[in-house]
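# Geometric and topological summary
As a plain string of letters, each chain reads:
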Amino acid sequence: MAATYVEADRYGFLERAGARLRFATWQASGPPRGTVVLLTGRGEFIEKYATEVVGELRTRGWAVMALDWRGQGLSDRPLADRGKGHIDNFTTYMADLRAFLDEVVVPSAPRPVMALCHSMGAHIAMRELAENGPGPFSAGVLVSPMTGLRREAMLRSVLMLMPEMPAVEERYLFGTGPFILLAREFHSNFVTHDERRYRFTDDWFSADPRLILGGPTLGWGRQAARSMTAALAPGYLERIELPLLLMTAGEDRLVDPRTHGPVAARLRRGEHFTIASARHEIMMETDDLRALFWEGFDRLARGVLAS
């Protein structure tokens, strides 16, 4: 594993709605400037970001708090087949996030608190901010937020034809399936130009097979489509009061980057920043592209700390 990996100072579990949700917290390397709440994307897990990103945040003076979403990482999974990424409704993710904020972040996080969210995590964070206000947050960075999918039209057309019943909802979404290490060829990946960081996931899956997750279920796809529709409803995004930096990966082949400009324009205090040659996982990209990410993060952080 990478020499930059930082084990958490504290690991714990929340009990919510029949599931145990795992979280981790790290202290800053020195006197804390504040806290970053790290919210990962679909299929990701705490250790993937603890391999490098957490250490970089700590050396910048930030304490870090992270959550394994229900159904991934070491949080409980809803189906007997642990390899399937499934959810009953995205409002469940939102309620899980609220519990994490209320029970872990609010009582103990050094202020100010910033959100750093990737893909699905950024989508859930935006919905939480729109529906329940800023909570403990002073600002947030939304990296490749899930505001629209590249193949969304086809997904929605297929969903219209499929009956909404457990036997169908719990199948793997078309084109996906169980995790297969031999299928993880770097040259055909969609998420990064950096092979070393691409292998973080594989290395952790080998080190702890409990972390393994395959593709999403058809039910996850249906709920994702519904949640994106809800998030784009008239007047919804306009409720968000926080300063938000929305980062777009110009070469994103999972999330549709064309949806980001219109979303950022609807945010009261939104800034839109595109890294043209980055793929979906900007924080796992090559050093030169990550440097642009950190420039954007540090710029927003300076504004938060100065206010």
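Nothing here was measured: the structure is a model prediction, and the numbers come from that model.

## Description of the environment of Ala 115
- In this fold, Ala 115 is placed in strand 5 (residues 113-118).
- Each C-alpha atom of the pair Ala 115 and Thr 229 lies 23 Å from the other, and the pair is 114 residues apart in sequence.
- If near-sequence neighbours (up to four positions away) are discounted, Ala 115 is found in contact with Val 37, Phe 137, Ala 139, Gly 140 and Val 141.

## Some details on the nonpolar core
- Residues Phe 90 and Phe 100 are the most contacted members of the largest nonpolar core, which totals 47 residues.
- Ranked by residues supplied to this core, first place goes to helix 3 (residues 90-108) with 9 residues.
- Of all hydrophobic cores here, the second largest spans 38 residues; its members include Ala 2, Ala 24, Ile 46 and Ala 249.

## Remarks on the packing of helix 5 (residues 152-161) against helix 8 (residues 218-231)
- The N-to-C vectors of helix 5 and helix 8 enclose an angle of 115°; their axes lie 10 Å apart at closest approach. Comparing their axes, helix 8 and helix 5 come out roughly perpendicular. Where helix 5 crosses over helix 8, the two elements pack in a sense that is left-handed. Packed against helix 5, whose contacting residues are Glu 152, Leu 155, Arg 156 and Leu 159, the element helix 8 presents Leu 218, Gly 221, Arg 222, Ala 225, Met 228 and Thr 229 at the interface.
- Taken together, the residues of the contact of helix 5 with helix 8 break down into 5 nonpolar, 2 polar and 3 charged.

## Comments concerning the packing of aromatic side chains
- Tallying each qualifying case throughout the model produces 12 aromatic pairs.
- Look at Trp 62 and Phe 297: their rings are 6.3 Å apart centre to centre, the planes differ by 75°, and that puts the pair in the edge-to-face class. Taken together, the residues span a long stretch of sequence, with Trp 62 in strand 4 (residues 62-67) and Phe 297 in helix 10 (residues 287-306) at a distance of 235 residues.
- With relative accessibility at 0%, the residue Trp 62 sits in the buried group.
- Given the relative accessible area of 0%, Phe 297 is considered buried.
- Aromatic side chains Phe 90 and Tyr 93 sit 5.0 Å apart centroid to centroid with 90° between the ring planes, which places their arrangement in the edge-to-face category. In this pair, Phe 90 and Tyr 93 are both assigned in helix 3, 3 residues apart and thus about one turn of the helix distant. The residues Phe 90 and Tyr 93 share a single accessibility class, namely buried.
- Cluster of aromatic residues (ring-pair linked, three or more members): Trp 62, Phe 293, Trp 294 and Phe 297.

The rules behind these values
Residues numbered from 1 in each chain as written. Predicted model: local features only at pLDDT ≥ 70, side-chain atom pairs only at ≥ 80, totals over all residues. Heavy atoms only, no water. Helix = DSSP H or I, 4+ residues; strand = E, 2+ residues; numbered from the N terminus. Contact = heavy atoms within 4.5 Å. Core = buried A, V, L, I, M, F, W, Y, C linked by side-chain atoms within 4.5 Å. Buried < 20%, exposed > 50% of the residue type's maximum accessible area, 1.4 Å probe, protein only. Axes fitted to C-alpha atoms, helices over the stretch in contact; angles between N-to-C directions. Parallel < 35°, antiparallel > 145°, perpendicular 65-115°, else oblique. Left-handed = near helix turned anticlockwise from the far one by under 90°. Nonpolar A, V, L, I, M, F, W, Y, C, P; charged D, E, K, R; others polar. Phe/Tyr/Trp six-rings, centres within 6.5 Å; stacked < 30°, edge-to-face > 60°.

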